[in-house]
Protein chains: 4
Amino acid sequence: MAGSSFGNLFRVTTWGESHGRGIGVVVDGCPAGLPLCEEDIQVYLDRRKPGQSKYTTMRNEADKVEILSGVFEGKTTGTPISMVVWNQDQRSKDYGDIAVSYRPGHADYTYDAKYGFRDYRGGGRSSGRETTARVAAGAIAAKILKELGVTVTAYTKSLGNVVIEESRFDIAMREENPLNMPDNKAAEQAQELLNKKMSEMDSVGGVVECFVKGMPAGVGDPVFDKLDANLGKAIFSIGAVKAVEIGDGIKVTTLSGAEDNDGFLFDEENGVGKYSNHAGGILGGISDGSDIIVRASFKATPSIAQKQKTINHSRENIEIAIKGRHDPVIVPRAVVVVETMTAITLLDSLLSSMTSRMDAIKKFFGGTQ
Amino acid sequence: MAGSSFGNLFRVTTWGESHGRGIGVVVDGCPAGLPLCEEDIQVYLDRRKPGQSKYTTMRNEADKVEILSGVFEGKTTGTPISMVVWNQDQRSKDYGDIAVSYRPGHADYTYDAKYGFRDYRGGGRSSGRETTARVAAGAIAAKILKELGVTVTAYTKSLGNVVIEESRFDIAMREENPLNMPDNKAAEQAQELLNKKMSEMDSVGGVVECFVKGMPAGVGDPVFDKLDANLGKAIFSIGAVKAVEIGDGIKVTTLSGAEDNDGFLFDEENGVGKYSNHAGGILGGISDGSDIIVRASFKATPSIAQKQKTINHSRENIEIAIKGRHDPVIVPRAVVVVETMTAITLLDSLLSSMTSRMDAIKKFFGGTQ
Amino acid sequence: MAGSSFGNLFRVTTWGESHGRGIGVVVDGCPAGLPLCEEDIQVYLDRRKPGQSKYTTMRNEADKVEILSGVFEGKTTGTPISMVVWNQDQRSKDYGDIAVSYRPGHADYTYDAKYGFRDYRGGGRSSGRETTARVAAGAIAAKILKELGVTVTAYTKSLGNVVIEESRFDIAMREENPLNMPDNKAAEQAQELLNKKMSEMDSVGGVVECFVKGMPAGVGDPVFDKLDANLGKAIFSIGAVKAVEIGDGIKVTTLSGAEDNDGFLFDEENGVGKYSNHAGGILGGISDGSDIIVRASFKATPSIAQKQKTINHSRENIEIAIKGRHDPVIVPRAVVVVETMTAITLLDSLLSSMTSRMDAIKKFFGGTQ
Amino acid sequence: MAGSSFGNLFRVTTWGESHGRGIGVVVDGCPAGLPLCEEDIQVYLDRRKPGQSKYTTMRNEADKVEILSGVFEGKTTGTPISMVVWNQDQRSKDYGDIAVSYRPGHADYTYDAKYGFRDYRGGGRSSGRETTARVAAGAIAAKILKELGVTVTAYTKSLGNVVIEESRFDIAMREENPLNMPDNKAAEQAQELLNKKMSEMDSVGGVVECFVKGMPAGVGDPVFDKLDANLGKAIFSIGAVKAVEIGDGIKVTTLSGAEDNDGFLFDEENGVGKYSNHAGGILGGISDGSDIIVRASFKATPSIAQKQKTINHSRENIEIAIKGRHDPVIVPRAVVVVETMTAITLLDSLLSSMTSRMDAIKKFFGGTQ
């Protein structure tokens, strides 16, 4: 099926493979009149660029975005915005084992099972490099949200057993360490862990958390298009994610109703609020005006240099060792992917919420007459 | 937006409110020629029916399904199957506080924020009773899957801190206790916990786990319509779910690559398999032929008899106590909902996988000439 | 595929067969707060009800609509509105030839080719009776449009060779004759034609024209979701339609650019207008503020009492004569179907146009803070 | 809304403006294993290339396609196929009147009404140049259809009052004259007409007809996704189309049922057939195995050098004359656009028809085990 599109009113379609010509995206449904230039996109792409520390692949890619359509005289026109990041590292090389065997934890086998063959170069379409396109699209969504007073912020919450400490949380620190942790002390401990795992030719997983401020209450739909359901799909669509949580997430299973319920309160200054936010800003699939909180659990990078048992295309039981330099952890680079996928999802729901009420619709069209 | 539909080729649209005329569903895209009668649906509905134990609401509903269209001479015709469960318990009554105040943990406030007002009777559209419609639709999906050799099975894995023990796991026990736990000992402990919480006018959350056997490798799509992404959306669309996990789920964050990777193996008898199944049957968004495993974390029932702080429509800070008899836990009745939503999702992906390859398409159309 | 839904933000899903339990529809995405009662729907249904003249089938159906969900205290709640018209004329009878042979001009053969078998009772799902559901849904769309200043009006423009005369056009006459023609003189001539054809056991086709007043400029989308493209789909989805025209339609092929182009003009009182309206109110897929004009060409009723050559299920070449009393022309009853399908299409585009511009979006959300 | 995508299982998303960087398309859902190279696409693009005769714009564009993704080792991989045609003619120039006034018959005014401003260079997104992307996508659809035994062929049926003569019809002649008419004599007459209109600084409209051979019976869906409804949308989405007809089209309104009905017949050699094909191969929205016939009425090119009355951005009533060399008729170049849009639509319905029946589904999955 055609599964490379996401969103309804703000719809994103990605294309491209790891070692093909490039990675691209078409953003359809972007409102007209948004000031937009390549630099707006580039700052997001730079956050997932490889080669920034010893904890990321050395692949040498500038990842410069080009806007090919949909922007005129510095503003979006309302028509599709096509963007591309050309692949520079396309040199022909020997893919050896990868071309004819199935790497554990990768999609090699499942692609072959589905399509009959696959583009094996660097994982082809299943490569994490596809997320470049999502980040480019999400940068636009984030810019629109910001104009509407909504901000989306993600960070590394844990790597292996190293978890950031609430008391040391400082979002400014996110840029100060190569792991995108808002806690430099935890980042130091995590680097020790990574160094150890790298020396063991092994890899590490972790958690990305994302919070959203400024989302008005009343966004999202009952039943299947709940805001959390759409977020769940968005985040699970990122490779290597094995769990998604909203608010207190998995912890709610051991809380009682009295513990978990967030009572509402009202005061003149802040309007309607809640005494707590176990719910993570969503009730019945609809935003309640509190911070929206979503968490993604990423597995460890499956590409490891250790020998692993697997099979090849001839159905022989073999051992392989993945060559080359791979990220020992993908979590830090996934931070901006979670952030932008969240932005895309929220913007789409926010736009569709404009049609929820007759009174607002009448006011909208009355105002244009 | 129109958010009451789910699925693409096999598409489900639900309607109805807790205390309205009834709850219904239209299933569009069901293949023609499937033997189908109301009893096929009823066995699934009976599994979520209220009033079956002291741990479920006493609401007296037979929940008998009627098929209104799409079946002729005992077989599906390929056209929409409309089903309805009429509400019997519609007596007019005094909704008191609920009508004019916002219950903590419920969607009362968010519905008002979105729509300007709401059907407050029993939670209206936000009631868990809406899942009746999903179960009816999913019963059809499950029947089709079974004809194709795919079975979907869910059960209560934990309630509060009481978790089933792997060594005692026996799926046959699921029907032997009122909590749908495949471990009677754990079920006993859980009942003690529930009794205690009920006496405290409090409630309990828990985990539903679902496993799928027989799904062929190669089903699901790369990128946004990953099988796990669609499952994530399906499960998060069930009220009260705050986390969804695939395979090892949240645990993967503390596993290394060497621990988490599932090596492939081959033997003549079983074909391609894996040494382990941390991945839960999905790699790169596509099924790998192993069991698919998905877990949902449910929060405790928000309706509790304890006094809770909240606000009313006049923005006054008040206290309310939810009257009436409510399920002290929704997990056991949610088991069949998770099972059927999983079935709907998998069937939809399975059908769309028929168009993945030119050779299979050519064979398909060649065969009909 | 799941083909029984139409629309994106305002989405309609129909179900039911001619001689099944009933015909129904789920309207999802209807804005909250619209005053709505069954009488609002019934006035539209009464316009397509059978048995109103000797030119319509004698099938005795009251076609009373019931609203099953989505309305509370007289207003739409924003959640799905389920409506049903129960079939009264379900008596078991001998369907004879129809059950085992393929009526020319009907969908009997194509349904069998697609699904392997069919509900042959009264045409099953392919019956024009399915449009009952569309009319019910479209009545809601029309009511919303009216609140926004947009009116949709259809009428019979021609039956066979009898065409209404521009100079006698009076929309009030539409209700004065049984053929829904806004020209009583033409209606008389058409009745003569119908009487003649009925005596010959034959039937007649014709044209329905629909005009829309008050649609603001700027609604519709470039490229695939052009307003005329969506209208084209909507109207072609009505059974027996073999051509759809916008504005001057087929006539444009013999006009030169100088003749066909509508120059723009401006005056203070009326704002932007056009010297002519060959385009029928749509340019580049987007409304231009002039009247939108759409026309549908209906073929003659295929059910005729004359003997016709065809085949049966055993692939024998046979002759059949369709028994029973059938409409000698479907055009007059199709008028309200064209009108309501147009309303559904326009409303959906109008709602989605709310998200076209950043400035309007910012104003919208600014206004709610 | 996001309106630049078409199709469900085989989904096409176009981007680009007339004088921007290029025109592109992403084809998602193309089955894996189809041999595909740029030359397969180029032969279709060459059929709509400008500058081929004095009846087309002199714009000098090679219109060479590049495939950017989705093809590996000469075969489609099943993942998105991104294609681009770079614009060569991007020189900055003075757009004069066009930038600040509204050309009659063009989308200038409606784009401004919708988006608040527009890319005025060569019509921007509303330019016929966008169809380059559709042709590229449709070339792939046509190739797949051909492998399944289905061929799609379009031609110019009329220009102004010059209509091809049935008795002289010879599809081979389509390539022999610059107007794509399968009747060289008519083509000569049409050229005279065009020469005359060009000398008058005027332009001409016409009709494109398309026939499809080899489509099996049983493709298409009842109700909203009727094959003719989807074709209607596809063809109306092409700029300048003001009418779409299926089979006898508009003529059916003056035929009686006895004249219009196509009786079925059967013989051992040809299987099920019909005595005539007034229906154009579709009954009840589903293919009947006969040739599918669709016709599109195009208006005359709105860009004419004559002076025309209109308004400018300041709402002043002015006169403009469109400068530059424009196609005096767009019909010949639209032939391949109609052909490829038809191919896309039919392929999408054909793929979805694979899931219509349980027996076929069971056989499909049984065969892969």
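Scroll up to find the structure this text is about.
A few points on the structure. What you see is a predicted model; the values in this text were computed from it and never measured. (Residues numbered from 1 in each chain as written. Chains lettered and ligands numbered in written order. Predicted model: local features only at pLDDT ≥ 70, side-chain atom pairs only at ≥ 80, totals over all residues. Heavy atoms only, no water.)

## Thoughts on the relation of the copies chain B and chain D
Keep this limit in mind: The atoms used to superpose the copies are C-alpha atoms, taken from residues with pLDDT of at least 70 in both, and the fit is least squares. Should any heavy atoms of two residues lie within 4.5 Å, those residues are considered in contact.
Once chain B is rotated about the relating axis by 180° and shifted along it by 0.0 Å, it coincides with chain D to within an RMSD of 0.0 Å. Such a combination of turn and shift is consistent with a two-fold rotation axis. Mapped onto chain D, 100% of the interface residues of chain B are again interface residues, and the two copies thus contact each other with one and the same surface.

## As for the packing of helix α6 (residues 227–236) of chain B against helix α8 (residues 331–352) of chain B
Residue and element names in this part refer to chain B. As a reminder, the rule being used: An axis is simply a line fitted to the C-alpha atoms; with a helix, the fit covers only the stretch in contact. Between two such axes, the angle follows the N-to-C directions and lies from 0 to 180 degrees. The secondary structure listing takes helices from DSSP runs of H or I that are at least 4 residues long and strands from runs of E that are at least 2 residues long, numbered from the N terminus. In a left-handed crossing the near helix is turned counterclockwise from the far helix by less than a right angle, and in a right-handed crossing that turn is clockwise.
Axis separation between α6 and α8 bottoms out at 9 Å; the angle between their running directions is 145°. Here α6 and α8 pass one another in a crossing that is right-handed. Residues Leu-227, Asn-230, Leu-231, Ala-234 and Ile-235 of α6 lie in contact with α8, whose contacting residues are Val-338, Met-341, Thr-342, Thr-345, Leu-346 and Ser-349.

## Overview of the interface of chain A and chain B
As a reminder, the rule being used: The term buried area denotes the loss of accessible surface (1.4 Å probe radius) that occurs when two parts are joined, taken as the sum for both partners. We define a salt bridge as a side-chain nitrogen of Lys or Arg found within 4 Å of a carboxyl oxygen belonging to Asp or Glu. Under this definition, polar contacts are N or O atom pairs within 3.5 Å; protein pairs additionally need one hydrogen-donor-capable and one acceptor-capable atom, and for neighbouring residues in sequence, both atoms have to be side-chain atoms. Side-chain classes follow a simple rule in which Ala, Val, Leu, Ile, Met, Phe, Trp, Tyr, Cys and Pro form the nonpolar group, Asp, Glu, Lys and Arg form the charged group, and the remainder, Gly included, forms the polar group. A strand pair is defined by DSSP finding two or more bridges across the two strands.
Contact with chain A, which involves 104 residues of that partner, is made by 104 residues of chain B. Buried area between chain A and chain B, summed over both chains or domains, comes out near 8300 Å², and the portion from carbon and sulfur atoms is 60%. At the junction of chain A and chain B, the tally comes to 4 salt bridges. Across the pair B:Asp225 and A:Lys233 runs a salt bridge, and its minimum N-O distance is 2.5 Å. Along the contact surface separating chain A from chain B lie 43 residue pairs in polar contact (both at pLDDT 80 or more). Looking at the side of chain A that touches chain B, the element that brings in the most residues is helix α3 (residues 108–115) of chain A, giving 7 residues. A breakdown of the residues in the side of chain A that touches chain B according to their chemical character gives 42 nonpolar, 40 polar and 22 charged. Relative to strand β11 (residues 241–246) of chain B, strand β11 (residues 241–246) of chain A runs antiparallel, the two sharing 3 bridges. Of the residues in β11(B), the one forming a bridge with A:Val244 is B:Val244.

## Quick look at the interface of chain B and chain D
Contacts between the two partners involve 27 residues from chain B, matched on the other side by 27 residues from chain D. Roughly 2500 Å² is buried in total at the junction of chain B and chain D, and carbon and sulfur atoms are behind 73% of that figure. Of all residues in chain B, the largest losses of buried area upon contact with chain D belong to B:Met354, B:Met358 and B:Phe365, amounting jointly to 26% of the total for that side. Summed over the shared surface of chain B and chain D, the result is 2 salt bridges. Close ionic contact of B:Glu147 with D:Lys362 constitutes a salt bridge, the shortest N to O distance being 2.7 Å. Viewed at the interface, chain D and chain B are joined by 7 residue pairs in polar contact (both at pLDDT 80 or more). Contributing elements (two or more residues each) for the side of chain B that touches chain D: α4 (131–147), α8 and α9 (358–366) of chain B. The greatest single-element share of the side of chain B that touches chain D, amounting to 7 residues, is contributed by α9(B). Tallied by class, residues from the side of chain B that touches chain D come to 15 nonpolar, 8 polar and 4 charged.

## With respect to the packing of helix α1 (residues 38–48) of chain B against α8(B)
Geometrically, a packed helix pair is captured by the angle between its two axes and the distance between the axes. Residue and element names in this part refer to chain B. Rules: Each angle is binned into one of four classes, with values under 35 degrees roughly parallel, values over 145 roughly antiparallel, values of 65 to 115 roughly perpendicular, and all other values oblique.
Close contact between α1 and α8 brings their axes to 6 Å; oriented N to C, the two are set at 140°. Looking at the two axes, α1 sits oblique to α8. On the side of α1, the interface is formed by Tyr-44, Arg-47 and Arg-48, while α8 contributes Arg-333, Val-335, Val-336, Val-337, Glu-339 and Thr-340. Grouping the amino acids of the contact of α1 with α8 by side-chain chemistry returns 4 nonpolar, 1 polar and 4 charged.

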